[in-house]
Amino acid sequence: MRFHSVFACPVSKEQATAENPPMMMPCGHVVCKASLDKLARGVRPGAVASGRFKCPYCPGMSSLTDAKRVYF
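Here's what I pulled together on the structure shown here. (Residues numbered from 1 in each chain as written. Predicted model: local features only at pLDDT ≥ 70, side-chain atom pairs only at ≥ 80, totals over all residues. Heavy atoms only, no water.)

A look at the side chain of Ser35
Line of reasoning, step 1. Its location among the elements puts Ser35 in helix H1 (residues 33–41).
Line of reasoning, step 2. The exposure class of Ser35 is buried, given its relative accessible area of 5%.
Line of reasoning, step 3. Sequence-distant contacts of Ser35, that is, excluding residues within four places in its chain, are made with Cys9, Val11 and Ser12. (Helix = DSSP H or I, 4+ residues; strand = E, 2+ residues; numbered from the N terminus. Buried < 20%, exposed > 50% of the residue type's maximum accessible area, 1.4 Å probe, protein only. Contact = heavy atoms within 4.5 Å.)

Structure, rendered in structure tokens:
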């Protein structure tokens, strides 16, 4: 069985690119950088980044500085 080294963000459903790379949160879940930025800003349009946010898949808390880029 063969697999692609392509990542599709489970939040935005978009394929990762060099400008929008996959990012791993401390809990181990991976989303694209654009989705991570939106999580940090909050749900309200124009909201200022609060710094901490909840992972969309588990109760883990994270921040933009905690996330690490993932290379495939």
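Okay, back to it.
Concerning the sheet that holds strand E2 (residues 30–32)
Line of reasoning, step 1. If you trace the three strands from one edge of the open sheet to the other, you get E2-E1-E5, paired in antiparallel fashion. Strands at the two margins of the open sheet, each flanked by one partner only, are E2 and strand E5 (68–69).
Line of reasoning, step 2. In terms of strand pairing, strand E1 (residues 22–24) meets E5 through two bridges, oriented antiparallel. Residue Met24 lies in a different strand from E5, and its bridge partner there is Lys68.
Line of reasoning, step 3. Contacting E1 and E2, H1 runs over the sheet at an angle of about 95° to E2. (Pairing = 2+ DSSP bridges. Axes fitted to C-alpha atoms, helices over the stretch in contact; angles between N-to-C directions.)

Purely geometric numbers; function is a separate question.
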